[in-house]
Every structure is written in structure tokens, then in C-alpha cells.
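For reference, the chains in residue letters:
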Amino acid sequence: YNEYKSYLRLARTFSMSSKPFEHLPSSVVPVNYVLRLHPDLDKYTFAGRESIEVNIKENVNVIKMNSAEIEVQSAKFVSDAAEVKPTSVDTNAEMETLTLTFPQNLPIGTGNVVLEFTGVLNDKLRGFYRSAYTDSNGDKKKIAVTQFESTDARRAFPCWDEPSFKATFDVTLVSDTTSVALSNMPVINEEVKGELKETTYDRTPIMSTYLVAFVVGEFDYVEATDVNGVLVRVYTPLGKKISGEFALNVAVKTLPFYAEYFEIQYPLPKLDLIAIPHLSFGAMENWGLVTYRETALLVDPQNTSSNTKQWVALVVGHELAHMWFGNLVTMKWWTHLWLNEGFASWIEYLCVDHCFPDWNIWIQYINMDFKRALQLDALDTSHPIEVPVKHPEEIDEIFDAISYCKGNSVIRMLHNWLGPEPFRQGLAHYLNKHQYKNAVTEQLWESLEQTSQKPVNKVMSTWTSKMGYPMLSVSVTENANAVTLQVKQQKFCANGDNKSDFEWMVPITVITQSNKTPQTFLLDKREDSFVLEGCAAGDWIKVNPEQIGLFRVQYNQDLLSRLLPAIKNRTLSAADRLGIQEDLFALAKAGYCGTSDLLTLMEAYENEREYVVLNSININFGELVSLYSHLPCITQFKAMRRKIFSKILPDVGWEKKDTDGHTDALLRNMLIGTLGKREDKQGLDKCNELFND
């Protein structure tokens, strides 16, 4: 899910220009756009007209805005005092600006910039572009669609294309009468003129240009109304509307969940989700008109796998979170985009857990986003999650899987440290205080500090400003009066070569054999010790229960050996069994411990039954086999792997059962594939038997 940028968009990064960047001047700011667009799906062009209400704050005779690949036919400035035509209309293709120069200073106050222009429905998956699909009859259906994030609204109409220049939008689309024409808001008027129709939409709330959207084409849809009266539609290619039912079900559950969680009703009267054949992102959170790749929205009720349904639910949950966090309150500049995406990438799991509690989604999170964050951020090529963006073209370079995965992992750790309710209250305070405005990361920290009374900004700055994360080496001292946990931090490096002396402020949670209630401590120095309440001598001690803290744990031999029986009899939770194995594998791979320690641990998983844990073991075993494939011990590695997995398959079965849960199909698929590839005789015999039948 974290492949947010397509290879096409990544290619833009490698061709970045070294041109200097300047923000648009704030002497003239937009208030409202009245925008009319007529896309021609035969010629792949569009014609536009806009009247932009602006507020002129200073004595200026120049108005500068963004425009790219747009040809301006006419321009003028209209106010109560006069109508003035510019002496020059200058476009700068490199800077992507349009500059209107007038013969004298414009009157301070409100006026309107009126422009007529044309453009191309491009094939670059950015701006206002063309797409198409083939229906069940083999007919090609053309589409005009938009993708404006980060800086491509300027390819559809001249505008102030920076997130801080918020305005309202009155949109009108001209299209064929056979087409569906959609924008952010509901239709307030539709007039047919021959073979064309003119569709006008209600005025949007104040919003950033990158969230504006239009789609014109032929679609089916399914619809429902959520418990708060919001009309939700899922648009699909013709003949596929049944494939939109699952996403519709998720959406009508998700909107009320977020409305209650954020203490703010969904701000718009409708929500459309639409499947687009060609989209540069997995999905895009346009306010009220969310676009998705078909694979991220459509679910065939007969043939779609459990894994794909899970993916669709997560993507829907992610994009709808942005209706509040990102759209209602928007980052002031792209430096803070990590917070928008990191937050949405975390709360999508909270949403899916609400909609589908039987999916056990949080343990799968550990093996997806959390694991990815730990892997990538341990490399020398990593970077901090908050990096100053000096030029918009840096956005695709900076915001990658590290930013998304580490970003949501840090948010998850913060949520646990503050507590679910203080965290939720802080979010609600932040959104209510800054709604319809722009904000920066520190303003969220201020709200969370207010509701939690904890030093959020001080702690979080150590996680957002530096690359990497710590490894905590833990040991205990025990006497008649107390059990004390000693903790020492150092930077974890995938190559084992730590040259950093940076210290994190680390929220640490601990459970013990005698006290399953989590105890939380804040490690704010290189090394410290903490007394464990209710812990008996000889107890197993689990640091970082449920794998919430973004760090690796290195137990000494004594503490690791105490955990083995709790793994074998599955006293520890599945998330903890997963985390212990993941941490020790990473430590062994980096050279912080021996492979023999890892193999001893693996033997404790002979009774494991949880899909996510077994899948992790399978992947890690695969890496071990690759590393040791040239050594005689490879036979023993393969045998150990077969021993763990062959015991489980008879219970899971070879064929789908009516009693299967969400992960049973995933587990069955993994087991059959693994045993077949690992030359398990019983498994291969069964495969041959089924094939011959």
C-alpha cells in the first residue's frame, strides 16, 4: 500500500531542475474561483474560463499566479472602480508562472481576474489528463480526469497553486449528454444544450487547489446513505457496479466513525469514490471526489482474495481520513506532508479494525508498515521523516516509504504513550481550532500537550528530525525487594556499524509474567534503570508489548531464555511472538548476535498457528536459506522450516472451509506454496493428487 508514487512520478524526481524557487507573493490572494471547463475527449483538449475574486492587499500593478501548459487567450482585471487590461501577459514555462502586468497600480480591496484559456488533456497522469477503459462489449470509453497533488492544478487552470492559498470554488463542466460529470460538490443545476450539457456544482468550502477535482466519462454507480445522512456513491466502469459494493460498505461505516472520533461531522453533503483506469497514486483524497486505481477500489465478490479486500478497506480508510486531516486542516507547506500521510496511514488501521474487528488487522500492521519502517530506517540511505521542502519538485524525492511507514509508526507510538483518549481529544482540539485553515506540525503537538499534559514536542522532535531509531539493550537485577530493568540505547544500523551518538526520548512499555498490566517509562538519556512493579524474580519480561515502540530490543541471554516457554505455549500474544522473532532476526542479520541464538528461538515456534507470525518466520527463513545456501548446514535449515510448517497444514486443510476466518485463506495459501517449494514430500504428493483429479 505504501507504493504511493508510480514509476512515472518517480521519474520526475530524477529529472529535477536546479531552478530557484520563490513562493508566490502574498500581496494578492485568491478568495473565490468561478471556473468553467469544457473538455473535448475527441481532440484531447479543453477550453476554460475563470473569474477569480482576489483581495489586493498592497499597491501593486503585477499579479502573479501559477500556470503550466496553458495558453491564455484573454485577461483582464475587473473591480467596482474600473476594468483594466494588462499591458503584458507573460508565461514562464520553467517557473510555471503567469504574470499579468497592468499600466497602473490596482485598487486595494477586492476585484476579479478574468481569464480565458485552453489546454491539452495530457497523457502524463497529472493535471487535467485523459484515460480510457474498454467495456464488456469491447468499446473504448474515454475519460477526462484530474490529479492535482502536489502542484498540478496549474495544468488545468491558472491559480495560486500553493496549499496556503485557500479559496472557494464554483465549478461548471461542459460535457456530452451521455457522460457523467463529477466535481467536489453536488450538482445544483444541469442544462442540456443540444448534444452537450452544462453541469454546475455547489460552492466548495474554502480549500487548497490540490484538492479540486473533475471527472468526465461514462460510469455506473452504487449508492447508500450513512447514518448521518451523507450520500455516498462508488462509481465504476460500465458493467462493474457490483464490484463497488464492498468499498461502499466500508465508506458508509467509515464516515460516521471518523465524525465521532474527530468530533466534527463530515464537512460536505456528498462523497464520491471513483475507480480510474490510470492513476499515478494508489488513490487521491480530492475533497468529496476521491479517485482510486481500480485495483484499490473494486472487489469482485466471487473471485477477489482476502488480501485484496483488506487492501481496498485500508485504502478507503486512508483516503477518507484525509477529508478531515489534510482537507479540513491542511499543511501550510509540503514540509509537513509527512504528518498528513503518516497520520492517515496509521488511522486507516484503526478504521479497518472498527469495521472488521475479526480481521485482527493490527498484527498485520506489524508485518507490513511497522516492519517496513524498521527495515528502511536502519539503512545508511535513510532520511528524517520531516525534511524541509525548499522546492515543490523535491516532494516526490523526499516523501517515500520511510516517510509514510515511519511516520505512521511514530504516530502509533505517540498514541500509545499519551493514551487513546488524550490522543483523540488532542486531535479533535487541533482540527476544531484550525478547521478551514493551514497548520504546521508543532500546532498538533501543542494540542496534544494540552490534552495529555506530556512533553509531546520535546519527545517527538527527537523522532522527526533525525534518521534512524534506537536499539534497546536490556537486562535485569533482582533482589528480595525489587526487580530492576536496565536499559541502554544506541542507534540500530542494518550493517552493525554504529557511528552515531544521537539519543532519542523513548517511551518504553513493559509487561511481565506476573503483571500483564503495561508499565510505561520514558528513557530520556543514554542509559537508565526502572523498577518493575509486581514482577517476581525469574519472571519473563517483555519489553515493547504489541510492538508499538519504534525500536529493536536486544535481550541478554537470561531474559531471552525466559521468553522461550511463553512463546512455545503461546502465553505471549501473537504480536509479541512476532516481535521477538523479528527483532532477533534483525539483530542476527546485522551482527549484533549469533545465528545460533536465532535458530534456538525458532525452535520455540513449533506450535505456532498465527498467520502473520508464520509468514514472518517464512520470509526470514527464506533470507537465511539464501545466506547459507552454499554451506552444508542448509539441509538442516530447510528441515527445520518444513518441520514448523508441515505440522500446521493438516489442521488448516487444502481446501476452503465454511468456517474459515479472514486469515485462514492467507495461511493456507502461504503453507501450500512454502511446502511445495521446500520439497516437502507429503505436500508434493498431495499437490500431484489434486492435479491428477
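Just above sits the structure.
Quick notes on the rules
- Residues numbered from 1 in each chain as written.
- Predicted model: local features only at pLDDT ≥ 70, side-chain atom pairs only at ≥ 80, totals over all residues.
- Heavy atoms only, no water.
- Axes fitted to C-alpha atoms, helices over the stretch in contact; angles between N-to-C directions.
- Helix = DSSP H or I, 4+ residues; strand = E, 2+ residues; numbered from the N terminus.
- Parallel < 35°, antiparallel > 145°, perpendicular 65-115°, else oblique.
- Left-handed = near helix turned anticlockwise from the far one by under 90°.
- Contact = heavy atoms within 4.5 Å.
- Nonpolar A, V, L, I, M, F, W, Y, C, P; charged D, E, K, R; others polar.
- Expected span 1.5 Å × (residues − 1).
- Buried < 20%, exposed > 50% of the residue type's maximum accessible area, 1.4 Å probe, protein only.
- Polar contact = N/O pair within 3.5 Å; in protein donor to acceptor, adjacent residues only side chain to side chain.
- Core = buried A, V, L, I, M, F, W, Y, C linked by side-chain atoms within 4.5 Å.
- Pairing = 2+ DSSP bridges.
- Phe/Tyr/Trp six-rings, centres within 6.5 Å; stacked < 30°, edge-to-face > 60°.
- Lys NZ or Arg CZ within 6 Å of the ring centre and 35° of its normal.

**Here we look at the packing of helix α8 (residues 420–434) against helix α9 (residues 441–452)**
Helix packing for two helices is described by the angle between their axes and how far apart those axes are. It is at 8 Å that the axes of α8 and α9 come closest, and there the two elements cross at 130°. Classified by the angle between their axes, α8 and α9 sit oblique to one another. The element α8 and its partner α9 pack so that their crossing is right-handed. Between α8, through P422, F423, Q425, G426, L427, H429, Y430 and H434, and α9, the contact on the second element is made entirely by Q443, L444, S447, L448, Q450, T451 and S452. Tallied by class, the residues present in the contact of α8 with α9 amount to six nonpolar, nine polar and no charged.

**A few points about helix α7 (residues 401–418)**
With 18 residues, α7 should cover 26 Å at 1.5 Å per step; its first-to-last C-alpha distance of 25 Å lies within 8% of that length. The buried fraction of α7 is high, at 17 of 18 residues. Here α7 starts with a cap whose side-chain oxygen sits 3.1 Å from the backbone nitrogen of I402, and that cap is D400. One or two positions beyond α7, positive phi appears at G419, with a value near 100°.

**Quick look at the nonpolar core**
In this structure, F157, F214 and W324 are the most contacted members of the largest nonpolar core, which totals 218 residues. For F157, the contacting residues outside a window of four places in its chain are Y33, L35, E50, N66, I70, F117, F148, F169 and F214. Within the second largest apolar cluster, 14 residues are counted, among which are L125, Y133, V145 and I274.

**Looking at the sheet that holds strand β7 (residues 97–101)**
Taken together, the three strands give an open sheet; going across it, the order is β3-β7-β6, and neighbouring strands pair in antiparallel fashion. The sheet is open, and its two edges are formed by β3 (62–66) and β6 (88–92), each paired on a single side. Going across the sheet, the axis of each strand differs from the next one's by a mean of 15°, ignoring polarity. Summarising the sheet, β6 and β7 pair through five bridges and their orientation is antiparallel. By the bridge assignment for β7, N92 is matched with T97.

**Observations concerning the side chain of N327**
With respect to the secondary-structure elements, N327 resides in the loop between α3 (306–321) and β21 (329–331). Relative accessible area serves as the criterion here: at 0%, N327 is assigned to the buried category. A polar side-chain atom of N327 sits 2.9 Å from the main-chain carbonyl oxygen of E285.

**A short note on the packing of aromatic side chains**
Here the structure, examined in full by the defined rule, presents 37 aromatic pairs. Ring geometry for F77 and F102: centres 6.2 Å apart, planes at 70°, overall edge-to-face. Of the two residues, F77 is situated in strand β4 (residues 70–78) and F102 in the loop between β7 and β8 (109–120); the sequence distance between them amounts to 25 residues. Taking relative accessible area as the criterion, F77 reaches 1% and is therefore assigned buried. For F102, a relative accessible area of 1% gives the class buried. Through a chain of ring-to-ring contacts, three or more aromatic side chains come together here, namely F257, Y258, Y261, F262, Y266, W324, F325, F343, W346, F423 and Y430. Here K253 stacks its cationic end above the ring of F356, 5.2 Å away from the centre of that ring. Of note, R412 hangs over the ring of F370, and the distance from its end group to the ring centre comes to 5.8 Å.

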